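Residue-level listing of the chains:
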2 protein chains.
Amino acid sequence: MRYRKIPDETVRRLPQYLRAVSFVHKQGCKYVSSQELAERLHMKSPQIRKDLSYFGAFGVKGTGYPVETLLGRIREILKLNTPQKAALIGAGRLGKALASYPGFRLYGFDIVEVFDRSPRKIGRKIGGVEIKDVAHLGDLGKRGIRLALLAVPAGAAQEVAERLVEAGVRGILNLAPCYLKLPKRIKVVTIDIAMELGILPYYV
Amino acid sequence: MRYRKIPDETVRRLPQYLRAVSFVHKQGCKYVSSQELAERLHMKSPQIRKDLSYFGAFGVKGTGYPVETLLGRIREILKLNTPQKAALIGAGRLGKALASYPGFRLYGFDIVEVFDRSPRKIGRKIGGVEIKDVAHLGDLGKRGIRLALLAVPAGAAQEVAERLVEAGVRGILNLAPCYLKLPKRIKVVTIDIAMELGILPYYV
DNA sequence: CCTTGTGAAAAACTTCACAGCC
DNA sequence: GGCTGTGAAGTTTTTCACAAGG
């Protein structure tokens, strides 16, 4: 077999596992048990065992999972084992924060292009990358850039997203508070910080 | 009955409904159908009808849901009908972006306090609010501040979060790439942007 | 026609419990 | 003793199908 079909919910948790296992790895541990991970992630251990079982039995009974193998497998499934180039659209306050965010490295992401609309910003540098005119995206796909971080105002998001798709982008992390209507083959993940905050009062 | 028990997944979708219905409201529509919302949100219409049915039958058959009533009900369930005060911890690049983010208003959130550790920042203003020393949180709970946005480095997040809980905060939106170990009564929502990006290559 | 509201069916996911192995 | 891996059981969530109403 290649791998069994991996449930959506499991895929959604893999990046969390990656982060937690990386942490354990940095501490120098060779093995990690499902209990340990469960505690760290506020989950139950059978859940983790089941998730990991979807991509092959490589845990060692009585000991746990070999940390390096585990990292490799998760990266392999998520296709993070080769560095992923990404473009950032929007060099406003949020764009600046993203451009200098160190956390992307853990997942092998590299922001290699930054675009903005404002002539005042074009030509300047953020995060070591020169800001270019968003009117000239060029063929991002051909340059190996299939991911984009969209940090533009909600009013411009749909239009820019369509142009990104034309430019060969296949996946978009949308930080504007709106939905994007794009062809089904394009994967969109939207993060609306205010919306996430919106559920807190219910539980408080 | 008060309301039937609302499933977790439904609660999670309410902020999305709120955003979408607000949009329709701004366009001046009096009614919106489950189909319309479904299209806008990339969902199926029975899902939306079921979700809305959990808090009372107020849709008009043949027409749809009255937009204003719908907004009111969702706000009521989410406890967003009264303005919610929030504190922002961390005035770095991300903190600055959050302080000036206009999207919070839709949900009735108001950032009334900003804290940071750096003496260089303390005393300055962002988003119209003076930055105070994080060492002196005071009793946030007594001042009606039960929510906090945590935008500090991962290394400091756990410690600051514990102090927030002592200060009377009940819900935390954690933007640091780490898990927080806090009493169960505290609701934590973590957003790790890099992690969300992490699932894109799998689908691309 | 058009819609909502909902029980029932189906699907998806989580948890349990324990065999098997170190 | 410890831990993994997994079928089966249990739970939650989604989808369907259609009665009932405008």
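The rules behind the values
- Counting restarts for each chain: residues are numbered from 1 in the order of the written sequence.
- Each chain gets a letter, beginning with A, and each ligand a number, beginning with 1, in the order they are written.
- pLDDT decides what is reported in this predicted model: residues at 70 or higher carry local features, side-chain atom pairs at 80 or more are listed and counted, and totals for whole chains, interfaces and linings draw on all residues regardless.
- Side-chain calculation: all heavy atoms of the structure are included, whereas hydrogens and water are not.
- Nearness here has a simple test: a residue counts as near a molecule or strand if at least one of its heavy atoms is within 4 Å of that partner.
- Distance and chemistry together define a polar contact, namely a pair of N or O atoms within 3.5 Å, with one atom able to donate a hydrogen and the other to accept it when in protein, and with adjacent residues in sequence counting only for side-chain atoms on both sides.
- Counting from the N terminus, the helices are the DSSP runs of H or I reaching at least four residues and the strands are the DSSP runs of E reaching at least two.
- Any two residues having at least one pair of non-hydrogen atoms within 4.5 Å are treated as being in contact.
- Two parts placed together each lose some accessible area under a 1.4 Å probe, and the buried area is that loss summed for both.
- Counted as salt bridges are all cases of a side-chain nitrogen of Lys or Arg within 4 Å of a carboxyl oxygen of Asp or Glu.
- C-alpha atoms of residues with pLDDT of at least 70 in both copies form the basis for the least-squares superposition of the copies.
- Throughout this entry, Asp, Glu, Lys and Arg are counted as charged residues, while Ala, Val, Leu, Ile, Met, Phe, Trp, Tyr, Cys and Pro are counted as nonpolar. The remaining residues, Gly among them, count as polar.
- An automatic or database domain assignment is the source of the domain bounds shown.
- The buried label applies to any residue whose accessible area, calculated with a 1.4 Å probe on protein chains only, is under 20% of its type's maximum; exposed applies above 50%, and partly exposed to all values in between.
- Stacked, tilted and edge-to-face are the three classes assigned to paired rings of Phe, Tyr and Trp, where Trp is represented by its six-membered ring and a pair needs centres within 6.5 Å; plane angles under 30 degrees give stacked, over 60 edge-to-face, the rest tilted.
- Distance and angle both matter: a charge sits over a ring if NZ of Lys or CZ of Arg is within 6 Å of the ring centre and within 35 degrees of the ring normal.
- Any two strands with at least two DSSP-identified bridges between them are counted as paired.
- Think of it like this: strands point away, you trace from the first strand over the helix to the second, and a clockwise trace means the crossover is right-handed.

Caption draft 1: The arrangement of the protein's contact with DNA strand C in detail. Residues in contact with DNA strand C amount to 25 residues; listed here are only the nearest, Ser 34, Arg 49, Gly 59, Gly 62 and Tyr 65 of chain B. Close to the protein, within 4 Å, the atoms of DNA strand C are drawn from sugar and phosphate at a rate of 62%. Within the backbone of Gly 59 of chain B, an N or O atom sits 2.8 Å from a phosphate oxygen of DNA strand C. Listing elements by their share of the surface near DNA strand C, those giving two or more residues are helix 1 (8–26) and helix 3 (45–53) of chain A together with helix 2 (34–41) and helix 3 (45–53) of chain B.

Caption draft 2: Representation of the interface of chain A and chain B. Every contact between the two is made by 56 residues of chain A and, on the other side, 56 residues of chain B. In total, chain A and chain B occlude about 5400 Å² of area from one another, counting both sides; carbon and sulfur atoms represent 71% of this. By the criterion of area lost to chain B, the three top residues of chain A are Arg 19, Tyr 179 and Tyr 202 of chain A, representing 14% of everything that side buries. Put simply, chain A and chain B have three salt bridges between them. Residues Lys 181 of chain A and Glu 39 of chain B are paired through a salt bridge, measuring 3.8 Å at the closest nitrogen-oxygen approach. Across the chain A-chain B interface, the total number found is ten residue pairs in polar contact (both at pLDDT 80 or more).

Caption draft 3: Molecular detail of the relation of the copies chain A and chain B. When chain A is fitted to chain B, the residual RMSD is 0.1 Å, and the transformation amounts to a turn of 180 degrees plus an axial shift of 0.0 Å. On the angle and the small slide along the axis, the relation comes out as a two-fold axis. Comparing interface residues between copies, 100% of those in chain A also lie at the interface in chain B; the contact surface is shared.

Caption draft 4: Inspection of the protein's contact with DNA strand D at higher detail. Close to DNA strand D lie 26 residues, the nearest being Ser 34, Arg 49, Gly 59 and Tyr 65 of chain A together with Arg 13 of chain B. Sugar and phosphate atoms constitute 60% of the interface atoms of DNA strand D, taking the interface as everything within 4 Å of the protein. A distance of 2.8 Å separates a phosphate oxygen of DNA strand D from a polar atom in the side chain of Tyr 65 of chain A. Taking Arg 13 of chain B, its side chain carries an N or O atom lying 2.9 Å from a phosphate oxygen of DNA strand D. When contributions to the surface near DNA strand D are tallied by element, the ones reaching two or more residues are helix 2 (34–41) and helix 3 of chain A together with helix 1 (8–26) and helix 3 of chain B. Of all the elements, helix 3 of chain B adds the most residues to the surface near DNA strand D, at four residues. When its residues are assigned to classes, the surface near DNA strand D shows six nonpolar, ten polar and ten charged.

Caption draft 5: Broad picture of the domain arrangement of chain A. The assigned domain composition of chain A is domain 1 (8–77) and domain 2 (84–196). Look at where the C-alpha atoms of domain 1 of chain A and domain 2 of chain A centre, and you get two points 30 Å apart.

Caption draft 6: Looking closely at the pattern of salt bridges. As enumerated under the stated definition, the model contains 15 salt bridges over all chains in all. Lys 142 of chain A is the partner of Asp 139 of chain A in a salt bridge, and the nearest nitrogen-oxygen pair spans 3.7 Å. Relative accessible area serves as the criterion here: at 35%, Asp 139 of chain A is assigned to the partly exposed category. On the accessibility criterion, Lys 142 of chain A (74% relative accessible area) is exposed. For Glu 159 of chain B, the salt bridge is made with Arg 163 of chain B, and the minimal N-O distance between the two is 3.6 Å. Here the residue Glu 159 of chain B and the residue Arg 163 of chain B both occupy positions in helix 6 (residues 154–166), the gap between them amounting to four residues, near one helical turn.

Caption draft 7: Structural view of the packing of aromatic side chains. Enumeration over the complete set of coordinates arrives at ten aromatic pairs over all chains. In textbook terms, an aromatic cluster arises when at least three aromatic residues are bridged by ring pairs, as seen for Phe 55, Phe 58 and Tyr 65 of chain A. Taking NZ or CZ as reference, Arg 73 of chain B lies 5.0 Å from the ring centre of Phe 58 of chain B, over its face.

Caption draft 8: Region of the structure containing the pairing of strand 7 (residues 145–150) of chain B. Residues and elements named next belong to chain B. Summarising burial for strand 7: five of the six residues are buried, a large majority. Both strand 7 and strand 8 (residues 171–174) contribute to a ladder of four bridges, which runs parallel. Note that in strand 8 the partner of Ala 148 across the bridge is Ile 172. For the handedness criterion, the β-α-β arrangement of strand 7, helix 6 and strand 8 is classed as right-handed.

Caption draft 9: Seen up close, the sheet that holds strand 7 (residues 145–150) of chain A. Judged by pairing direction, the sheet is mixed, and its seven strands sit side by side in the order 5-6-4-3-7-8-9 (chain A) without closing on themselves. Looking along the sheet, the strands with just one partner apiece sit at the ends: strand 5 (125–126) and strand 9 (187–190) of chain A.

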